[in-house]
Amino acid sequence: MEIDEVANINDMDEYIELLYEDIPDKVRGSALILQLARNPDNLEELLLNETALGALARVLREDWKQSVELATNIIYIFFCFSSFSQFHGLITHYKIGALCMNIIDHELKRHELWQEELSKKKKAVDEDPENQILRKDYEKTFKKYQGLVVKQEQLLRVALYLLLNLAEDTRTELKMRNKNIVHMLVKALDRDNFELLILVVSFLKKLSIFMENKNDMVEMDIVEKLVKMIPCEHEDLLNITLRLLLNLSFDTGLRNKMVQVGLLPKLTALLGNENYKQIAMCVLYHISMDDRFKSMFAYTDCIPQLMKMLFECSDERIDLELISFCINLAANKRNVQLICEGNGLKMLMKRALKFKDPLLMKMIRNISQHDGPTKNLFIDYVGDLAAQISNDEEEEFVIECLGTLANLTIPDLDWELVLKEYKLVPYLKDKLKPGAAEDDLVLEVVIMIGTVSMDDSCAALLAKSGIIPALIELLNAQQEDDEFVCQIIYVFYQMVFHQATRDVIIKETQAPAYLIDLMHDKNNEIRKVCDNTLDIIAEYDEEWAKKIQSEKFRWHNSQWLEMVESRQMDESEQYLYGDDRIEPYIHEGDILERPDLFYNSDGLIASEGAISPDFFNDYHLQNGDVVGQHSFSGSLGMDGFGQPVGILGRPATAYGFRPDEPYYYGFGSR
């Protein structure tokens, strides 16, 4: 209702009297008071007029269903007060917030009824297109519907804005949540009004920083409703929608949903727009944390765009979001093939070495972990990487360079030449001393030693330098750290392959004794490497073979006795093995001589010490690719290092693996 007169604060008594008349007068009176309330200078005086505020609250409570305009005017008046925190107590006093919630709920249900009626008439027209009466009736209803929706959306907008202001107080926000505010807001996402949608999405973004609200959004399938807004013509709506998606993307299940509804290519397309690039990249970064989705980026134009951004970056340090995203993507083999296309790897190496950027080198390290053509590209850069291994460089950068070199299990690589030319042996030995460096660096040194020990001449060089006693000393110091223990044992595993170092390990050190102690470690990887190493030792040294077999028998015998002692048989359980009892097994021969009693933790060990076929079936999913973790086999086929072909792969390290836990952080301030 349009009014021409200008309101005057001195005529408030007249306006209050109008609130006691019929609906048209109430609408006029509320519109005049609203004029005054929209001027912040009048708010304090209006606050003192308890009669006016009480009358407005009463009329809203009693007559809001009679007139949308009346309800909109009165809520708008209280909204003006809600813009200032000091007036929130007034709104709470008159219970306007709860009333607004009821109004919003009612209006949303009314809208559903309107839509049902409209769809019925539309269906009737579709079934009988020639019927002009039905067509005119539908057109009339549709026109009326459009008018009603415009007025209703004005009411919803002002009511939601008032609630958003009140939600500054988390206690008030909790009350709204208990009254299903999240469900109402998600329902409102079906509207087409940009201004209303901006408000609704802003409210949802504020609410999304709390787990309970986020869970309510999950129930309402919010991601499916948000996907239609990306992209959209309205910049503010797109921006706030992306920020809401960023908050939601901390949840693993919602990231999964985002991929399912096809958000990945849509977000990738936004990387080319400066206004949305940063926020879209943050959402994509979160998606890239899940191994299942890493390979999907290879089917978009994401990687070429990211590489362009990397090379165009003028600062010494690349934006954290960009490089973190690239590090994640480089953990997948398909992505790496795209990254290395053309001069990709060359440009990355050039920049990393120029600026000594540890994060960029971490990305390169991820690239180097994949077997195949991309790994061979690193042969040209071994010298550059080895030159960085010194005490003069920043430790973080050295760690990544060492990690990259340690990944280069390339048969054609002459590691002995690299070690000698860049004087790496003294550096590696020095860092093995307990306390000589941070654990992260020491671990990379151990892994590097494991890699170069695949070459028999390198293994001999390292053994001659006294590295094996240093590793045993480090094993003692780090015996509680499974990562260290596993990688040190792997070095021993490599050493026992070579004649030159096998005798040193077996006869001049206590390494086999340590390995026997670790045979029954709780960690599966440690047990696996240990068992394979001991099998080789047992094959070449009879004395140790007896000790190893004796320990295996002692261990399994003790387990058997422990099980028997703990089993208190009662009368009903005396025949544990069935009616046949156990005599048939004993009558066939001495039960202790049966080879199938020799088990290790992972499979069957036959009496001659051969490995169970189970060892060859250990596959796992890493970074979206199926990776086989092969164990030592008895095959006599030789590879380029003169080793059996089926040798145990380097044990998996914590590097490159990320837990896929459902976690959630507040990003409301972003």
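Residues numbered from 1 in each chain as written. Predicted model: local features only at pLDDT ≥ 70, side-chain atom pairs only at ≥ 80, totals over all residues. Heavy atoms only, no water.

- Going by what an unreviewed UniProt entry lists, the protein chain is known as Kinesin-associated protein 3 isoform X4 and is assigned to Erinaceus europaeus.

**Quick look at the overall build of the protein chain**
So, step 1. Helix and strand content of the protein chain: 37 helices and two strands.
So, step 2. Burial statistics for the protein chain: of 670 residues in total, 50% are counted as buried.
So, step 3. Of the contacts made within the protein chain by residues no fewer than 6 positions apart, 70% connect residues no fewer than 24 positions apart.
So, step 4. When the accessible area of the protein chain is evaluated, it comes to approximately 33200 Å², of which 49% is carbon and sulfur surface. (Helix = DSSP H or I, 4+ residues; strand = E, 2+ residues; numbered from the N terminus. Buried < 20%, exposed > 50% of the residue type's maximum accessible area, 1.4 Å probe, protein only. Contact = heavy atoms within 4.5 Å. Areas by Shrake-Rupley, 256 points an atom, 1.4 Å probe, with all protein chains shown as cover.)

**Overview of the packing of aromatic side chains**
So, step 1. Counting across every chain of the model gives ten aromatic pairs.
So, step 2. Note on Tyr138 and Phe142: the rings are 6.1 Å apart at their centroids and 20° apart in plane angle, and the pair reads as stacked. Separated by four residues within a single helix, Tyr138 and Phe142 lie in helix H8 (residues 132–166), roughly one turn from each other.
So, step 3. Residue Phe142 is classed as partly exposed on the basis of its relative accessible area, which comes to 31%.
So, step 4. Ring centres of Phe297 and Phe325 lie 5.5 Å apart, and the angle between their planes is 75°; on these two criteria the pair is classed as edge-to-face. (Phe/Tyr/Trp six-rings, centres within 6.5 Å; stacked < 30°, edge-to-face > 60°.)

**Quick notes on the packing of helix H26 (residues 395–406) against helix H29 (residues 439–452)**
So, step 1. Between H26 and H29, whose axes approach to 9 Å, the crossing angle comes to 20°. Between H26 and H29, the angle is such that the two are roughly parallel. Both H26 and H29 take part in a crossing whose hand is left-handed. Across the interface between the two elements, Glu395, Val398, Ile399, Leu402, Gly403, Leu405 and Ala406 of H26 pack against Asp440, Leu441, Glu444, Val445, Ile447, Met448 and Thr451 of H29.
So, step 2. In terms of residue class, the contact of H26 with H29 is built from nine nonpolar, two polar and three charged. (Axes fitted to C-alpha atoms, helices over the stretch in contact; angles between N-to-C directions. Parallel < 35°, antiparallel > 145°, perpendicular 65-115°, else oblique. Left-handed = near helix turned anticlockwise from the far one by under 90°. Nonpolar A, V, L, I, M, F, W, Y, C, P; charged D, E, K, R; others polar.)

**Overview of the environment of Leu70**
So, step 1. You can see Leu70 is positioned in helix H5 (residues 68–82).
So, step 2. Placed 47 residues apart in sequence, Leu70 and Ile23 show a C-alpha to C-alpha distance of 7.8 Å.
So, step 3. Ignoring anything within four residues of it in the chain, the contact list for Leu70 reads Ile23, Lys26, Val27, Ser30, Val59 and Asp63.

**Here we look at the confidence of the model for the protein chain**
So, step 1. Considering every residue of the protein chain, the mean pLDDT works out to 85; 84% of them sit at 70 or more.
So, step 2. For the stretch residues 575–620, pLDDT sits under 50, and the model shows 61 contacts to residues farther than four places along the chain or on other chains.
So, step 3. Within the model, pLDDT remains below 50 along residues 628–646, and this stretch shows 51 contacts once partners closer than five positions in the same chain are excluded. (pLDDT = per-residue confidence, 0-100.)

**Describing the environment of Arg255**
So, step 1. Mapped onto the elements of the fold, Arg255 is located in helix H15 (residues 252–260).
So, step 2. For the pair formed by Arg255 and Leu284, sequence separation is 29 residues and the distance between their alpha carbons is 9.3 Å.
So, step 3. A distance of 2.9 Å separates the side chain of Arg255 from the backbone oxygen of Ser249, its partner in a polar contact. (Polar contact = N/O pair within 3.5 Å; in protein donor to acceptor, adjacent residues only side chain to side chain.)

**Observations regarding helix H2 (residues 23–37)**
So, step 1. In this model H2 runs 20 Å from its N-terminal to its C-terminal C-alpha over 15 residues, within 8% of the 21 Å that 1.5 Å per residue would give.
So, step 2. Within H2, burial applies to Lys26, Val27, Gly29, Ser30, Ala31, Leu32, Ile33, Leu34, Leu36 and Ala37. (Expected span 1.5 Å × (residues − 1).)

**Observations concerning the pattern of salt bridges**
So, step 1. Here the structure, examined in full by the defined rule, presents 31 salt bridges.
So, step 2. For Arg255, the salt bridge identified is with Asp290, shortest N-O distance 2.8 Å. Placement of Arg255 in helix H15 and of Asp290 in the loop between helix H17 (277–288) and helix H18 (291–294) is noted, with a sequence separation of 35 residues between them. Here Arg255 matches Asp290 in class, with each residue buried.
So, step 3. Because the salt bridges share partners, they merge into one network encompassing Lys362, Arg365, Glu400 and Glu444. (Salt bridge = Lys/Arg side-chain N within 4 Å of Asp/Glu carboxyl O.)

**Regarding unusual backbone geometry**
So, step 1. A cis amide bond links Ile230 to the next residue, Pro231, at an omega of -10°.
So, step 2. Relative to the assigned elements, Pro231 resides in the loop between helix H13 (222–226) and helix H14 (235–248).
So, step 3. Even without glycine at this site, Lys356 takes up a positive phi of about 50°.
So, step 4. By the element assignment, Lys356 lies in the loop between helix H22 (344–355) and helix H23 (358–368).
So, step 5. Although it is not a glycine, Lys423 adopts a positive phi angle of roughly 50°.
So, step 6. Position of Lys423 relative to the elements: it lies in the loop between helix H27 (415–421) and helix H28 (424–431).

**Some words on the side chain of Ser288**
So, step 1. Following the sequence through the fold, Ser288 ends up in helix H17.
So, step 2. For Ser288, the residues in contact, after removing those within four places along its chain, are Lys294, Phe297, Phe325, Asn328 and Leu329.

**As for a negative patch on the surface**
So, step 1. Residues Glu394, Glu395, Glu396, Glu438, Asp439 and Asp440 make up a contiguous surface patch of negative charge.
So, step 2. When residues of the negative patch are traced back to their parent elements, those giving at least two are H26 and H29.
So, step 3. Take Glu438: it is sitting in the loop between H28 and H29. (Patch = residues over 30% accessible without salt bridge, like charges linked within 9 Å, V, L, I, M, F, W, Y side chains within 5 Å. Lys, Arg positive; Asp, Glu negative; His and termini not counted. Charge placed at Lys NZ, Arg CZ, Asp CG, Glu CD.)

**What about a nonpolar patch on the surface?**
So, step 1. There is a patch of nonpolar side chains on the surface, built from Trp560, Met563 and Val564 and spanning about 290 Å² of accessible area.
So, step 2. Relative to the helices and strands, Met563 is located in helix H36 (residues 542–566).
So, step 3. Judged by relative accessible area, which is 39%, Met563 ranks as partly exposed.

**Considerations on the packing of H23 against H26**
So, step 1. One can describe the packing of H23 onto H26 by two numbers: an axis separation of 9 Å at closest approach and a directional angle of 10°. In terms of orientation, H23 lies roughly parallel with respect to H26. Residues Pro358, Met361, Lys362, Ile364, Arg365 and Ser368 of H23 form the contact with H26, whose own contacting residues are Glu396, Phe397, Ile399, Glu400, Cys401, Gly403 and Thr404.
So, step 2. For the contact of H23 with H26, the class distribution of residues is six nonpolar, three polar and four charged.

**Observations concerning the environment of Ser457**
So, step 1. Note on placement: Ser457 falls in helix H30 (residues 456–464).
So, step 2. We classify Ser457 as partly exposed; its relative accessible area is 26%.
So, step 3. A distance of 3.2 Å separates a polar atom in the side chain of Ser457 from a polar atom in the side chain of Glu416.

**Re the side chain of Asn73**
So, step 1. One can find Asn73 in helix H5.
So, step 2. At 3.2 Å, the side chain of Asn73 forms a polar contact with the side chain of Ser30.
So, step 3. With residues up to four places along the chain from it excluded, the contact list for Asn73 reads Val27, Ser30, Ala31 and Leu34.

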